[in-house]
Amino acid sequence: MADSVPAPHPYANTTAEFAANLAAVQANIEAAAARAGRSAQNVRLLPVSKTVPEERLRQAIAAGCHRLGENKVQEAKRKSANLADLGVEWAVIGHLQTNKAKDVALFATEFQALDNLRVADALDRKLTELGRTLEVFVQVNTSAEESKFGLPPAELDGFLHELPRFETLKVQGLMTLALFTADTGRVRTCFGTLRTLRDRARESSPELIGPGELSMGMSGDYELAIEEGATCVRVGQAIFGARNTPDSRYWPPAGPTD
Ligand SMILES: *Cc1c(COP(=O)(O)O)cnc(C)c1O
């Protein structure tokens, strides 16, 4: 197990502080991409603003955040209404219950946690009614027993074959959460699994996987994720500052970290 102590996430409140944090993360993205022989232009930084109040989000938006990620639908809906004057786009990145799909269809540009057909159907019905489309990522469970959300890898191919009938859903690629562990080898394995699944889908049915994006990596592991091929990293705390709410509010508790 690695025993390095991660640097604390610096809190940001002003436009200048957000600009500084964004620049620091962007510099890390560029360094990680360079290590992997990749172009940082192929890595999108999605700032994740959950728990951050609207007043602070105005500063983050002024500092250059054009699309924000939120885990909970009600919170995202409220923020999208209160910040509608700023033209910011919204990505819902958390597990969705079927009865909340209608809400997501109303305001989101992107949904990154698609893992069941009932939700796909509910989204498609509402989007059709509204004349909207939605970018979607299929969430895959790459950490086996330690996460409740996401498709088991063995079910991905069958699932992708079901999606074309939902014409409003524009498949962008795959999304995963890695294990929460200091063991970087095991974290890398999760990311590598997602990349392999994407590569296989591209080979066997390229028409089903869209641009084949890989959304993987958060504040604690986005550099590793980029080394493993991430094209979208979802970063909250490294931009906004440490969160007080436990992560178990957003995803089921992982097993003991080891
Ligand atoms: C909160 C969240 C993130 C970002 O986590 P940070 O530790 O704040 O970077 C990424 N993905 C999902 C699904 C999240 O809920």
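Residues numbered from 1 in each chain as written. Predicted model: local features only at pLDDT ≥ 70, side-chain atom pairs only at ≥ 80, totals over all residues. Heavy atoms only, no water.

Going by the annotation in an unreviewed UniProt entry, the name recorded for the protein is Pyridoxal phosphate homeostasis protein, with Gordonia pseudamarae given as the source organism. Per UniProt, the comment on the protein under Sequence similarities (unreviewed entry) is "Belongs to the pyridoxal phosphate-binding protein YggS/PROSC family." (UniProt positions renumbered as here; feature names shortened; annotations may be inferred.)

Enquirer: How should the site of the ligand be read in this particular structure?
Expert: Around the ligand lies a shell of 13 residues, among which Lys50, Asn71, Ser219, Gly236 and Arg243 are the nearest. Here an oxygen atom of the ligand and a side-chain polar atom of lysine 50 are 2.7 Å apart. The residue inventory of the shell around the ligand, partitioned by class, reads six nonpolar, four polar and three charged. (Near = heavy atom within 4 Å. Polar contact = N/O pair within 3.5 Å; in protein donor to acceptor, adjacent residues only side chain to side chain. Nonpolar A, V, L, I, M, F, W, Y, C, P; charged D, E, K, R; others polar.)

Enquirer: Explain the packing of aromatic side chains here, please?
Expert: Two aromatic rings are characterised by how far apart their centres lie and by the angle between their planes. Throughout the structure, instances matching the rule amount to one aromatic pair. Relative to phenylalanine 240, the ring of phenylalanine 18 lies with its centre 5.4 Å away and its plane at 65 degrees, an arrangement referred to as edge-to-face. Residue phenylalanine 18 is located in helix H1 (residues 15-35), and its partner phenylalanine 240 is located in helix H9 (residues 237-240); the two are separated by 222 residues in the primary sequence. The ring of tyrosine 250 is capped by lysine 50, whose NZ or CZ atom sits 4.1 Å from the centre of that ring. (Phe/Tyr/Trp six-rings, centres within 6.5 Å; stacked < 30°, edge-to-face > 60°. Helix = DSSP H or I, 4+ residues; strand = E, 2+ residues; numbered from the N terminus. Lys NZ or Arg CZ within 6 Å of the ring centre and 35° of its normal.)

Enquirer: Before we go on, may I ask you to explain the side chain of glutamate 75 in this structure?
Expert: Take glutamate 75: it is sitting in helix H3 (residues 73-82). Judged by relative accessible area, which is 10%, glutamate 75 ranks as buried. A distance of 2.6 Å separates a polar side-chain atom of glutamate 75 from the backbone nitrogen of threonine 51. Setting aside anything within four residues of it in sequence, one finds glutamate 75 in contact with Ser49, Lys50, Thr51, Val52 and Glu70. (Buried < 20%, exposed > 50% of the residue type's maximum accessible area, 1.4 Å probe, protein only. Contact = heavy atoms within 4.5 Å.)

Enquirer: Looking at this structure, I do not really get the pairing of strand S2 (residues 67-70). What am I missing?
Expert: The alternating pattern of S2 places Arg67 and Gly69 and Leu68 and Glu70 on opposite faces, both of which are buried. Of the pairings in the sheet, the one linking S2 to strand S3 (residues 89-92) comprises four bridges and is parallel in character. Paired with glycine 69 across the strands is alanine 91, a residue of S3. (Pairing = 2+ DSSP bridges.)

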